[in-house]
Amino acid sequence: MYFDSYYPTVTSMLTGRPVRLHLPLIALAFCFLAALSAGQTARQMPTPGAPTPGAPLLDASEPEEPQAKHGERLDPETAYGPTIIESMQAVMERERLQPSSTKNHKARNGAQGSWAVPSRRKTANPHSGEHYAINKWGDTRMSVEFGEPVYFGGAWISGQAAPVLWAAGVRFHGYRDGEKVATGAWLEKLSERGDWLAADFENVTRIEIEARPVYQGSGWYGLDDLTFSLPPAEGASERRRVVVDFDDLSYNMRLTGSGYAGLTWPKGTGDFEMETQTVHAPKVPESADMEEIDAVTTNLESSFGGGGTAPVLSFSFAGPHIGNPGAGWLPPDTNGSIGPNHFVAVVNQNLSVYDRVTGNEVISTGLANFWNTQGSAGDPRAVYDHHSNRFIIIATNFNTRLWLAVSLTDDPTGSWFKTWVNLSQGSDSSNWPDYPTLGVDATGIYSASYMVGGNSISLFAIDKAPLLTGSPSLGTITAFRNLPWEGAVHPAVTYGTPGRMYCISRRGSQTLRLRFVQGPMTNPTLVEAGNVFVPNHGSPPNAPALGSVAPLDALDWRPMNAVFRNGSLWTTHGVASGGRAACRWYEIDVASVATAQVGTISDPVMSYMMPSISVNKDNSVVVGFSGSSPNDYASSYTAGRVANDPAGQLSPPAILMAGTAPYNTIDSSGVNRWGDYSLTSVDPVDDTAIWTIQEHTRSPDAWGTRVGQYEFPVTCPAPSNFCVTSANSAGTGAVMGYAGDASLSTNSFSLLTVGLPANQPGLFFYAPNQTVTFFGDGLLCLSGQIARLGVVVADQLGFASFTTDMNAPPFSAGPGQVQPGDIRHFQFWYRDPAFGGAGFNLSDGLTVTFCP
């Protein structure tokens, strides 16, 4: 807010409108110009934080952080919450007695709109400065009270949120002593940059801003540079002109009830058609470069290639949906992981457990009941720790706590160790955790959060060993604070024992940042591994969807999850491609700190967002994600590849679950929330199948989730001939062949032989070893335990065949049993009396490798 006595005005020769002059800034500008003039011969230094023209955006040899840093050990006395071991039976009894509510304290829940400065991420185009006010929930009747009669000149009005949600018109009404005394003209069409809406009301004590609704009784707008004049000060003759520009406020500040600028900012009184419950979007620090965050890059160096091998959906079932216990929040923050016997799913704010064989739900409870708290337990994540064979779940209370739970066994329906950790300590004492991530390795549990109130991310390393004892407890927790805000820092789900926990974040439009935590876990260090240079990209635009008034929120470019395996870190995030949201994925070679391959899932029509990735023991990959278009409801998709596919190639996207209805869940700032993430995980039973949980529309304005199990088509090695055949009465000798493949699961393998004497009987047989021994009129090429198949008779052309049944003896049981990976050697024995000699002969040999 400012008074014109400090900001003189002149008339613009271009517009004819008054222009404010900021004398201190003008003086500073003259000083700056003089300094430039005086220093023409001096070396020009680049602006701090900005690259020298022509230089690379980032120099990997000059990292912003030290190469290694020691963390801050949390004090158990002040940071550790009480611990409890509790059975899931006790949780479900609590759920029965105190059913989880679906009410969200951050939702409208029947309340009217209010005045607020939007968050950094939802700020569009202020008319002046950095801030402006919005009518939360799109309330169509908002007001401002001056406390005394004033002359009200008008204000700048702009569109807020998606253009389809902009109010269809805005006008002012003036009131004095409770009576309407003036009504202004309509601003019929709002614009992105804003327009001046004049009022020219004399002696009003309150103004009302009326908006025409566009969606369910709502219409959003931005208000800036509210201009009015106070009566002359004592002894003066001119009125005092005041412009309320909101630039002395911070982002995400509520004006209603604040008394800001000496005015009253009442709640709205508009009529709404329905209510919506939402969770706040992931927070962004005020210092974040939103121009870079919102940048949309259409010319990507990496484009979609559909040359990968598609995974096969072998099983799927419905996961949590809105309306389940505790699951009354938007968006769901879809997450979950597969275990030996169960799939554990967590969403805002529900925990559900499913039988992995039947898909039946066996547990469903609110996360607040799970942790026995009256507060919140949002932004949840879950992993199955294949090192310790336990499930791990985290969440935040959006205040100070990170909730933590570890199952005592691989059975999530049994007992759990539960506690919380106060993350708001040290330099984060005034901040609170948002968007926590989760990773695990052989020795630790890791989580990073944006600490809202500051401008940084903090990473926490939890020593896992004390949690795995007969009397589990919290051991050493180390905080690495004040890491640069980069959307999210993702520790990996780590396979093997590399001796370090790799973490990934997105540093810039062409750079990812690779770090690792190195033990011992009682005194770990965080090491800056370096910058990973990647193809240029920008933040994904929101995603149009069939029947959605506003496009779905595609969030931004932050990594969504990370997996380390076989020397590579795999990660994925949202990008822009051709003006639409797309999913970028990477394989990063940690030894060289460089990409091994990069791919982008994009489409000329479809938008894809909220990806997650996982990789199995064979380096086969599945990426799960959401997709929508103007002709498609929001649905869940997957794509995949196997290790020997062309680099950077995934299979074309395939639907896991098609959306069935429009989705319109507009939050208070006019954003149609979706996401904020998903998860894909490897089956610990065989380390081959890959499971994913993804969001889709279940019914109008209602989200659901789908769990899918994927397997890859098995390509068995081609059988090969060995040994030599011997001449027979039909010619040069009998030769082995095959049809189908030697997959035990597909069960489609046949043995063939050609060059036989016509109409003579014979049989196929096999053994584990090779040899060469004279036998009959030929050579026996097998040794070891021999298994015989049924007798067959060659046809008139000297051809014989036998179709195997891998589910029957001798292949399924007994001495001739075969397992995936077994190698067996086959031959054909046959009668040949016309040849003379012994009267029987043998073909050459065929070596077969059986696969799953």
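On a predicted model such as this, the values are computed, not experimentally measured, just so you know.

Scoring rules and cut-offs
- Residues numbered from 1 in each chain as written.
- Predicted model: local features only at pLDDT ≥ 70, side-chain atom pairs only at ≥ 80, totals over all residues.
- Heavy atoms only, no water.
- Pairing = 2+ DSSP bridges.
- Helix = DSSP H or I, 4+ residues; strand = E, 2+ residues; numbered from the N terminus.
- Core = buried A, V, L, I, M, F, W, Y, C linked by side-chain atoms within 4.5 Å.
- Buried < 20%, exposed > 50% of the residue type's maximum accessible area, 1.4 Å probe, protein only.
- Patch = residues over 30% accessible without salt bridge, like charges linked within 9 Å, V, L, I, M, F, W, Y side chains within 5 Å.
- Areas by Shrake-Rupley, 256 points an atom, 1.4 Å probe, with all protein chains shown as cover.
- Salt bridge = Lys/Arg side-chain N within 4 Å of Asp/Glu carboxyl O.
- Contact = heavy atoms within 4.5 Å.
- Disulfide = S-S within 2.5 Å.
- Polar contact = N/O pair within 3.5 Å; in protein donor to acceptor, adjacent residues only side chain to side chain.
- Arc of directions from axis to C-beta.

1. A few points about the sheet that holds strand β31 (residues 500-508)
If you walk across this open sheet you meet the five strands as β4-β33-β32-β31-β29, and the pairing is antiparallel. Bordering the open sheet on either side are β4 (68-70) and β29 (490-491), each of which pairs with just one other strand.

2. With respect to the nonpolar core
Membership of the largest hydrophobic core comes to 46 residues, with the highest contact counts inside it found for Leu74, Ile392, Ile445, Leu474, Ile601 and Phe625. Among the elements that take part in this core, strand β39 (residues 621-629) stands out by supplying four residues, more than any other.

3. Re a nonpolar patch on the surface
Together, Val735, Val754 and Phe799 make up an exposed nonpolar region whose accessible area comes to about 210 Å². Note that Val754 resides in strand β47 (residues 750-754). Val754 gets classed as partly exposed once you look at its relative accessible area, which sits at 43%.

4. Quick look at the pattern of salt bridges
A full pass over the atoms with the stated rule returns 22 salt bridges. Measuring nitrogen to oxygen at the nearest pair gives 2.7 Å for the salt bridge that ties Lys464 to Asp385. Taken together, the residues Lys464 in the loop between β27 (456-463) and β28 (477-484) and Asp385 in strand β20 (residues 378-385) connect sequence positions 79 residues apart. For Asp385, a relative accessible area of 0% corresponds to the buried category. Between Arg481 and Asp428 there is a salt bridge, with its nearest N and O atoms 2.7 Å apart. On the criterion of sequence distance, the pair formed by Arg481 in strand β28 and Asp428 in the loop between β23 (415-422) and β24 (432-434) is long-range, its members being 53 residues apart. Across the pair, exposure class does not vary: Arg481 and Asp428 are buried alike. One network of salt bridges, with partners in common, ties together Arg121, Asp553, Arg673 and Asp676.

5. Things to note about the side chain of Arg94
With respect to the helices, strands and loops of the structure, Arg94 is situated in helix α3 (residues 88-97). Among residues more than four places away in sequence, those in contact with Arg94 are Glu86, Asn369, Phe370, Asn372 and Lys418.

6. Concerning the state of the cysteines
All chains considered together, the criterion is met by two disulfides. In this model, Cys716 is linked to Cys851 through a disulfide, with the two sulfur atoms separated by 1.6 Å. Residue Cys716 is found in the loop between β44 (702-711) and β45 (720-722), and its partner Cys851 is found in the segment after β55 (845-849); the two are separated by 135 residues along the sequence. The disulfide partner of Cys723 is Cys781, and the gap between their sulfur atoms is 2.0 Å. Torsion about the S-S bond of the Cys723 and Cys781 cystine: about -70°, corresponding to left-handed handedness. Here the residue Cys723 occupies a position in the loop between β45 and β46 (735-739), and Cys781 occupies one in strand β50 (residues 778-783), the gap between them amounting to 58 residues. The class of Cys723 is partly exposed, set by a relative accessible area of 26%. Relative accessible area serves as the criterion here: at 0%, Cys781 is assigned to the buried category. When the bonded cysteines of the protein are numbered from the N-terminus onward, they pair as 1-4, 2-3.

7. Notes on the environment of Thr804
Relative to the helices and strands, Thr804 resides in the loop between β52 (800-803) and β53 (823-831). Residues Thr804 and Gly790 lie 14 residues apart in sequence; the distance between their C-alpha atoms is 9.9 Å. Look past the residues within four positions of Thr804 in its chain and what remains in contact with it is Asn747, Phe749, Leu751 and Phe811. Looking at Thr804, its side chain comes within polar contact range of the main-chain oxygen of Phe749, at 2.7 Å.

8. Here we look at α3
Residues Met88, Val91, Arg94 and Glu95 constitute the buried set of α3. An end-on view of α3 places all buried positions within 115° of arc, on one side of the element. Among the exposed residues of α3, those pointing more than 90 degrees away from its buried face are Gln89, Arg96 and Leu97. Buried residues belonging to α3 abut β6 (84-87), β18 (350-355), β19 (361-366), α5 (367-370) and β23.

9. Remarks on the pairing of strand β43 (residues 690-699)
Within β43, eight of the 10 residues are buried, leaving the element largely enclosed by the surrounding structure. Bridging between strand β42 (residues 679-682) and β43 involves four bridges; their strand directions are antiparallel. The residue bridging Leu679 from the neighbouring strand is Ile693, located in β43. The hairpin turn running from β43 into β44, its antiparallel successor, is two residues long, and Asp701 in that turn takes a positive phi close to 60°.

10. Points about the pairing of strand β11 (residues 179-183)
Sheet topology places strand β10 (residues 170-176) next to β11; four bridges connect them, and they run antiparallel. Across the sheet, residue Arg176 finds its bridge partner in β11, namely Glu179. The turn joining β10 and β11, which pair antiparallel and follow one another in sequence, is formed by two residues; a positive phi near 55° is taken by Asp177.

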